[in-house]
Amino acid sequence: MDVHLVILAAGKGTRMKSALAKVLHRVAGLPMIDHVLATAATVNPRSRTVVIGHQALIVQVALAGNEGLTFVVQEPQLGTAHALLTTELALRNAKGTVVLLSGDVPLLSPATLKTLLQRHQTTGAAATVLTAIVDDPHSYGRVVRTGEQIARIVEEKDASPAEREIREINSGIYAFALDGLFDAVRSIAAQNSQNEYYLPDLVGIYRQRGLGVETVTVSNPDEIRGINSRLELAEVSRIVRQQKTTELMAEGVTIEDPATAYIDRDVTIGRDTVIHPVVSIEGHTTIGSGCEIHSGTRIVDSTIGDRVTVFNHCVITNSRLGDDAHVGPFAHLRNDADVREHARVGNFVELKKTVLGAGSKSMHLAYLGDATIGNKVNIGAGTITCNYDGEKKNRTVIEDGAFIGSDTQLIAPVTVGKGAYVGSGTTIRENVPPDALAVSAGKQRNIENWVTNRKKK
Ligand code: UD1
Ligand code: CA
């Protein structure tokens, strides 16, 4: 049977108190709606429709990378039932099942979604509601049952004191038979404390008509946590991080303090890598096995080989580190820095669009930008590639085995040949031939007794 997916994401998210649409707030590095879309994809839906409204254009642009999404605009936003009604035209030829997800419920697991769908399709129900039993049902719609059967759902604001005691809540996730769905949704009235069209009212309507309404109760209520406030955003983010660190540890990664390891969903880490406390590993980062990542380090969208050590307080973005490389403490690698195997980068060294060849070293205080540095090169302390002439960026090439003395400036474009030496304090303006020694500083002059004479005056 066809599955058509509808994701509600038009609401304002008033309780977030934010200029940014709620569904674009990030959970573990990804907009929360991206988590919903990823789970949704696992049921191979025939179509995916996203209802947008508040900041419609911004949300649509943010989701542009997802192929095959249909956007419908709900304007004004009159409630969740009204939101579903806006998809009627988009789904006019659709048959089968609608699975309705909320853009603000990002932790739903593919397994639970599958269970919901299976229950719905095997029972042939008109609607199937995903529910949960929670300790604190505050702010959720409550599931009112007569005997075993679900009778209706009542929103907290409309619930009687007795109904508020109910701990079974509506997740806001449902499966509906498409047949007759929109006609039934149209019959929902906005007679409630918020004057909104509540989709959960459909349950009561169906039951009164004697139609089948089923429920599936999740075993882990965390899965259906909705995000309505910054506090809930932080709580849900913590749950996602915890899942990720638990998964990684099960795969053989040592995480010294899972509570302070911030590891995004799409990160992969190999066995026997050790992650020290307070480390942030973000985006599409891959770390090999046997690595050690020390505290205070942030790694974003980077690829790190095996047996790499990153000492404390490094920032590494869009970069690569080869096997057995050592970096830091206090190094900054960005924008296509490429540190090859066995190379070493020390403290207060910045690399940008630079290859540091295998076994090469830059141990202290350097800026290496737009440079191609060969293998087994030694870069002295205080070396600077002067890559910017005020108009454009120019490249510096340093060939294999070269030795760059401390406090050297390389005015790019310039090449230092294979095995060449550059004396300390040299300003390189012209190419250095292979095996040559380049020096630019003038001869040293000592003025005898200069200090003694000054003191006499
Ligand atoms: C909703 C349910 C509640 C359930 C809870 C679970 C209703 C009336 N209540 O409450 O029973 O326990 O979810 O998290 O449905 N939206 C639109 N258009 C609108 C209104 C909302 O697209 O006009 C979207 C929102 O962007 C959000 C989702 O629908 O993604 C849910 O809306 P929200 O206002 O957060 O509903 P809750 O009060 O959480
Ligand atoms: Ca909500």
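Residues numbered from 1 in each chain as written. Chains lettered and ligands numbered in written order. Predicted model: local features only at pLDDT ≥ 70, side-chain atom pairs only at ≥ 80, totals over all residues. Heavy atoms only, no water.

A.B. asks: Can you lay out the site of ligand 1 for me, pointing to particular residues and giving the numbers?
C.D. replies: Contacts to ligand 1 come from 24 residues, most closely from Gln-74, Gly-79, Thr-80, Glu-155 and Asn-170. The protein chains hide 90% of the 750 Å² of surface that ligand 1 would expose on its own. Judged by its atoms lying within 2 Å of the grid points, ligand 1 is housed in the largest pocket. Of all the secondary structure elements, the ones that give two or more residues to the shell around ligand 1 are β1 (3-9), α3 (80-85) and β10 (168-177). When residues in the shell around ligand 1 are grouped by element, the largest group, three residues, is from β10. Taken together, the residues of the shell around ligand 1 break down into eight nonpolar, 12 polar and four charged. (Near = heavy atom within 4 Å. Areas by Shrake-Rupley, 256 points an atom, 1.4 Å probe, with all protein chains shown as cover. 1 Å grid on protein atoms, 1.4 Å probe; cavity = no way out; pocket = protein on both sides within 12 Å on 5 of 7 lines; lining within 4 Å. Sits in = over half its atoms within 2 Å of the grid points. Helix = DSSP H or I, 4+ residues; strand = E, 2+ residues; numbered from the N terminus. Nonpolar A, V, L, I, M, F, W, Y, C, P; charged D, E, K, R; others polar.)

A.B. asks: Tell me what's going on with the coordination of the calcium ion (ligand 2), and back it up with residues and numbers.
C.D. replies: Coordination of the calcium ion (ligand 2) by the protein involves Asp-104 (OD) and Asn-228 (OD1), with metal-donor separations of 2.3 to 2.6 Å. Residue Asp-104 is located in the loop between β6 (97-102) and α4 (110-123), and its partner Asn-228 is located in the loop between β11 (213-217) and α8 (230-250); the two are separated by 124 residues in the primary sequence. By the burial criterion, Asp-104 is buried, and Asn-228 matches it. (Donors = N, O, S within 2.8 Å, 3.2 Å for Na, K, Ca; no water. Buried < 20%, exposed > 50% of the residue type's maximum accessible area, 1.4 Å probe, protein only.)

A.B. asks: So what's going on with the nonpolar core? Residues and values would help.
C.D. replies: Residues Ile-269, Leu-321, Leu-333, Val-345, Leu-351, Ile-398 and Val-416 are the most contacted members of the largest nonpolar core, which totals 48 residues. Where this core is concerned, the elements lending two or more residues are β13 (261-263), β16 (279-282), β27 (344-352), β29 (361-369), β30 (371-373) and β36 (414-416). In terms of residue count, β27 provides more of this core than any other element does, three residues in total. Apart from the residues within four sequence positions on either side, Ile-398 is in contact with Thr-372, Ile-373, Gly-374, Val-377, Ile-379, Ile-404, Leu-410 and Val-416. (Core = buried A, V, L, I, M, F, W, Y, C linked by side-chain atoms within 4.5 Å. Contact = heavy atoms within 4.5 Å.)

A.B. asks: Explain the domain arrangement of the protein to me, and be specific about the residues and the numbers.
C.D. replies: Split into domains, the protein comes out as domain 1 (3-224) and domain 2 (230-438). On a C-alpha basis, the centres of domain 1 and domain 2 stand 45 Å from each other. The interface is formed by 16 residues belonging to domain 1 together with nine residues belonging to domain 2. Where domain 1 abuts domain 2, roughly 1,100 Å² becomes buried across the two surfaces, and 62% of that area is made up of carbon and sulfur atoms. In this structure, the connection of domain 1 to domain 2 is made through zero salt bridges. For the pair domain 1 and domain 2, the number of links is two residue pairs in polar contact (both at pLDDT 80 or more). Among the elements of the structure, β2 (26-27) and α1 (32-41) are those that each provide at least two residues to the side of domain 1 that touches domain 2. In terms of residue count, α1 provides more of the side of domain 1 that touches domain 2 than any other element does, four residues in total. Here the residues of the side of domain 1 that touches domain 2 are counted per class, giving eight nonpolar, four polar and four charged. (Domains from an automatic or database assignment. Buried area = accessible area lost by both parts, 1.4 Å probe. Salt bridge = Lys/Arg side-chain N within 4 Å of Asp/Glu carboxyl O. Polar contact = N/O pair within 3.5 Å; in protein donor to acceptor, adjacent residues only side chain to side chain.)

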